[in-house]
Amino acid sequence: MLVGEVWLASGQSNMAMTVSRAKDFDAEKAAAHLPRIRMFKEESGAAKEMQADSKGNWLVCSPESVGSFSATLYFFGRELHRELDVPVGLINSSVGGTPIESWLAVEAQWRAPQLKSAVAGQLEADSQFDEAAAAAGYQRALTRWKRQAADAKAAGKPAPRKPLDPVATRARRGGAGGLFNGKIAPLIPFALRGILWYQGEANAQPSKSNLYRYQLSELVSDWRARWGEELPMAWVQLPGFERQGEDWMIIREAMLQTLALPKTGMAITVDIGEAKDIHPKNKQDVGKRLAMWALGDVYGRPGQAVSGPLPLSHEIRGSEIAVTFSHADGGLVAKDGALTGFVIAGENRQWKPATARIDGNTVIVSNPEVKAPVAVRYAWEADPKCNLFNGKGLPASPLRTDKP
């Protein structure tokens, strides 16, 4: 028997992504002789009612087993194990391609005024779902796809995208609260040190992104209430990735806003995404940044940097706007050259590339064409070119000073 720290991690595919799919797997595998790290994968599926029993097994970390571990969670736990020299238990309860509303109890969604309409619509859609008709439609689509794929292959062209099975997709996502019922409820009230969350991609849609700040806040509050304590909780802000529209940025902003809740943290990953891959392979730095937060805020390590720079306030100073940051540990720095990623606008909301300079914990932003600025944005793109960091090597969060 081991006595140590236990952390729960949840979310969608980037949390589910295994060490075998992360970068440098061969080296990581060879170095995984760490028997005091254990991982439990919650194998239960979605459910219509809260479940009491959990499914899965604890695995001892070894070169043979580590490939199946959640990469983000493993690299987080490994860092804690190294720094604290204690056993670490890691619980992975995640499912790829799933929205936050599947992980949030239905009653919690009903409680939030901003979410009532959305959850009512989802419950109505679930009740009207015709499984037989959906299955028949999928078979017709699959037949068409096979014919089109064969034609494309004969013509030396790439095959079209294979259609998704709506019945299987619905079963995996579980509908409103389904994954909470099946994969989180059975873990309550297992003693935890804290919770990690890596999700948001499935909610980066025009019909969903503006609800995310309410959903994430409710998820934190509801899970804490069910565990009966104010468990520390941190999440991973969405990384750089090429997407159209503003929804990717709105999810990032929602994550930034939710830091207003006590005992919360965020790993900023805008610098370690991959433009063409929604599943970036550098999970080592993701886990390390989450561990830095835990070591500082949860375990109280003195002087530990816990976050990249976060916007604290802004002030219009004539033709300039000054943005002040917290978590400027070691001072703000422009990595690899002049500071980039800032834009500025006047009342007309015509965004202009800005000149930005660092003054202590503040960035002064201007553009000669904008004589009377009203707002500034930083890294407000899905895959931005930006380079504001603190002295501990952690990137600043994307931000906007204008209100949605």
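Residues numbered from 1 in each chain as written. Predicted model: local features only at pLDDT ≥ 70, side-chain atom pairs only at ≥ 80, totals over all residues. Heavy atoms only, no water.

A. Focus on the overall build of the protein chain. Per the secondary structure count, the protein chain includes 12 helices and 17 strands. Radius of gyration (C-alpha) of the protein chain: 22 Å, near the 22 Å computed for a compact globule of 404 residues. When each of the 404 residues of the protein chain is scored for burial, the buried share is 51%. In the protein chain, of all internal contacts separated by at least 6 residues, the share reaching a separation of at least 24 is 74%. A total accessible area of about 18,300 Å² is found for the protein chain, and carbon and sulfur atoms account for 51% of it. With 49 positive and 44 negative side-chain charges, the protein chain shows a separation of 4 Å between the mean positions of the two kinds. (Helix = DSSP H or I, 4+ residues; strand = E, 2+ residues; numbered from the N terminus. Rg over C-alpha atoms; globule rule 2.2 N^0.38 Å. Buried < 20%, exposed > 50% of the residue type's maximum accessible area, 1.4 Å probe, protein only. Contact = heavy atoms within 4.5 Å. Areas by Shrake-Rupley, 256 points an atom, 1.4 Å probe, with all protein chains shown as cover. Lys, Arg positive; Asp, Glu negative; His and termini not counted. Charge placed at Lys NZ, Arg CZ, Asp CG, Glu CD.)

B. Structural view of the environment of L339. Along the chain, the position of L339 falls in the loop between β10 (332-334) and β11 (342-345). Counting along the chain gives 151 residues from L339 to I188, while the straight-line C-alpha distance between them is 46 Å. Filtering out sequence-adjacent residues up to four positions away, L339 remains in contact with A334, A356, R357, I358, V363, N387 and L388.

C. How the structure looks around empty space enclosed by the protein. For the coordinates displayed, the defined rule picks out 1 cavity of 30 Å³ or more. Taken as a whole, the largest cavity holds about 40 Å³ of empty space. (1 Å grid on protein atoms, 1.4 Å probe; cavity = no way out; pocket = protein on both sides within 12 Å on 5 of 7 lines; lining within 4 Å. Points joined across faces, edges and corners; volume = space filled by probe spheres on them.)

D. Focus on unusual backbone geometry. At the junction of I188 and P189, the peptide bond is cis and its omega measures out at 5 degrees in the coordinates. Relative to the assigned elements, P189 resides in the loop between α9 (178-184) and β5 (194-198). Here the phi dihedral of D24 falls at roughly 55 degrees; this positive angle occurs in a residue that is not glycine. Tracing the backbone shows D24 in the loop between α1 (13-16) and α2 (25-30). Of note, D336 is a non-glycine position whose phi angle comes to about 60 degrees, a positive value. Within the secondary structure, D336 sits in the loop between β10 and β11. Residue classification places D336 among the exposed positions, given a relative accessible area of 74%.

E. Region of interest: the sheet that holds strand β3 (residues 58-61). Pairing in this open sheet of 7 strands is mixed, and the strands run β3-β2-β4-β1-β5-β6-β7 from one edge to the other. Only two strands of the sheet have a single partner each, and these edge strands are β3 and β7 (264-267). Going across the sheet, the axis of each strand differs from the next one's by a mean of 20 degrees, ignoring polarity. Across 5 bridges, strand β1 (residues 5-11) lies against β5 in parallel orientation. Within β5, the residue paired with G11 across the bridge is Y198. (Pairing = 2+ DSSP bridges. Axes fitted to C-alpha atoms, helices over the stretch in contact; angles between N-to-C directions.)

F. Summary view of the sheet that holds strand β12 (residues 352-353). Spatially, 4 strands are ordered β12-β11-β15-β17 in an open sheet, and the strand pairing comes out antiparallel. Sheet topology places β12 and β17 (399-400) at the edges, where each strand pairs with a single neighbour. Relative to β17, strand β15 (residues 375-378) runs antiparallel, the two sharing 2 bridges. If you follow Y378 over to β17, its bridge partner there is L399.

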